[in-house]
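Residue strings, one per chain:
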Amino acid sequence: DAGVTQSPTHLIKTRGQHVTLRCSPISGHKSVSWYQQVLGQGPQFIFQYYEKEERGRGNFPDRFSARQFPNYSSELNVNALLLGDSALYLCASSLGFRTDTQYFGPGTRLTVL
Amino acid sequence: DQQVKQNSPSLSVQEGRISILNCDYTNSMFDYFLWYKKYPAEGPTFLISISSIKDKNEDGRFTVFLNKSAKHLSLHIVPSQPGDSAVYFCAASAHSNSGYALNFGKGTSLLVTP
């Protein structure tokens, strides 16, 4: 079975631009969460979506938004990119809302110049 | 505010010996704990988890121990193999206004030498 997939793998943007990252969960999983990992740190929680509704939000500015589609795939959008947004963006899926075990995708490496 | 702490940035162990990775947490509401392994340029891979109602969980070479009174957990790998060389993250979750977010430590880089 396919695991969590993310696209694109790498992305280079300039300050002020907008970016959209995509995630497809494991088949049958209804919850998707997004995390940001900067070098030397553990992943930081951004959003959790379950059944197309936002169920949790971490301490990130409103420039970050997300949505979940009827097929449970998800998009993360970041507006007005800053240099500090350069990071590995990870998507994780889990069966239900109680995210006992989250399974991660390979991530999207975003570089902001 | 780092609620999950891994105080050892790195650990080196000989092949065949035991690797012990430690993790401390501050939030007494955490009720589920997980260990992930991460290779460079890959996403974290789930290894093993433990609920707060247990104090030990074992899966093959991996055992996680939870000491709730000390707010401490550890991952034991026996015997260690060179393929275990990776960064290990401890994570904890609890229901909050942020859903069931995983709170991660900064990771411990394990090197298993032949």
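Scroll up to find the structure.
Below or above, wherever it landed, is the structure these notes cover. (Residues numbered from 1 in each chain as written. Chains lettered and ligands numbered in written order. Predicted model: local features only at pLDDT ≥ 70, side-chain atom pairs only at ≥ 80, totals over all residues. Heavy atoms only, no water.)

**Describing the nonpolar core**
- Core analysis: the biggest nonpolar cluster contains 24 residues, and B:F33, B:W35, B:L73, B:L75 and B:Y88 have the highest contact counts within it.
- Among the secondary structure elements, those contributing two or more residues to this core are strand 3 (19-25), strand 4 (32-38), strand 5 (45-51), strand 7 (62-67), strand 8 (72-77), strand 9 (86-93) and strand 11 (108-113) of chain B.
- Of all the elements, strand 9 of chain B adds the most residues to this core, at four residues.
- Contacts of B:L73, omitting those with residues within four sequence positions, involve B:L21, B:N22, B:C23, B:Y25, B:F33, B:W35, B:V64, B:F65, B:L66 and B:C90.
- Counting residues in hydrophobic clusters, the runner-up holds 22 residues, among them A:V4, A:C23, A:V32 and A:F60. (Core = buried A, V, L, I, M, F, W, Y, C linked by side-chain atoms within 4.5 Å. Buried < 20%, exposed > 50% of the residue type's maximum accessible area, 1.4 Å probe, protein only. Helix = DSSP H or I, 4+ residues; strand = E, 2+ residues; numbered from the N terminus. Contact = heavy atoms within 4.5 Å.)

**A closer look at a nonpolar patch on the surface**
- Side chains of B:I18, B:I20 and B:V78 sit close together on the surface and give an oily, nonpolar patch of about 230 Å² of accessible area.
- When its relative accessible area of 37% is taken as the criterion, B:I20 is described as partly exposed. (Patch = residues over 30% accessible without salt bridge, like charges linked within 9 Å, V, L, I, M, F, W, Y side chains within 5 Å. Areas by Shrake-Rupley, 256 points an atom, 1.4 Å probe, with all protein chains shown as cover. Salt bridge = Lys/Arg side-chain N within 4 Å of Asp/Glu carboxyl O.)

**Some words on the layout of surface pockets**
- For the largest pocket, the calculated volume is near 540 Å³.
- Mapped by element, the contributors of at least two residues to the lining of the largest pocket are strand 5 (44-50) of chain A together with strand 10 (102-104) of chain B.
- For the lining of the largest pocket, the element with the most residues is strand 10 of chain B, which contributes three residues.
- Class assignment for the residues of the lining of the largest pocket results in eleven nonpolar, 14 polar and one charged.
- Its boundaries defined by the atoms lining it, the second largest pocket holds a volume of some 280 Å³.
- A:Q37, A:L39, A:G40, B:K38 and B:F89 are the residues nearest the centre of the second largest pocket, which is lined by 15 residues in total.
- Looking at the lining of the second largest pocket element by element, the count peaks at three residues for strand 9 of chain B.
- In terms of residue class, the lining of the second largest pocket is built from nine nonpolar, three polar and three charged. (1 Å grid on protein atoms, 1.4 Å probe; cavity = no way out; pocket = protein on both sides within 12 Å on 5 of 7 lines; lining within 4 Å. Points joined across faces, edges and corners; volume = space filled by probe spheres on them. Nonpolar A, V, L, I, M, F, W, Y, C, P; charged D, E, K, R; others polar.)

**Topic: the state of the cysteines**
- Within this structure, the stated rule accounts for two disulfides over all chains.
- In this model, A:C23 is linked to A:C91 through a disulfide, with the two sulfur atoms separated by 1.8 Å. Since a negative S-S torsion denotes a left-handed disulfide, the A:C23-A:C91 link at about -60 degrees is left-handed. Here A:C23 is found in strand 3 (residues 19-24), whereas its partner A:C91 is found in strand 9 (residues 87-94), with 68 residues between them in sequence.
- Two residues share a disulfide in this structure: B:C23 and B:C90, whose sulfurs sit 2.1 Å from each other. Here the disulfide of B:C23 and B:C90 is left-handed, its torsion about the S-S bond being about -75 degrees. In this pair, B:C23 sits in strand 3 while B:C90 sits in strand 9, placing the two residues 67 residues apart along the sequence.
- The class of B:C90 is buried, set by a relative accessible area of 0%. (Disulfide = S-S within 2.5 Å.)

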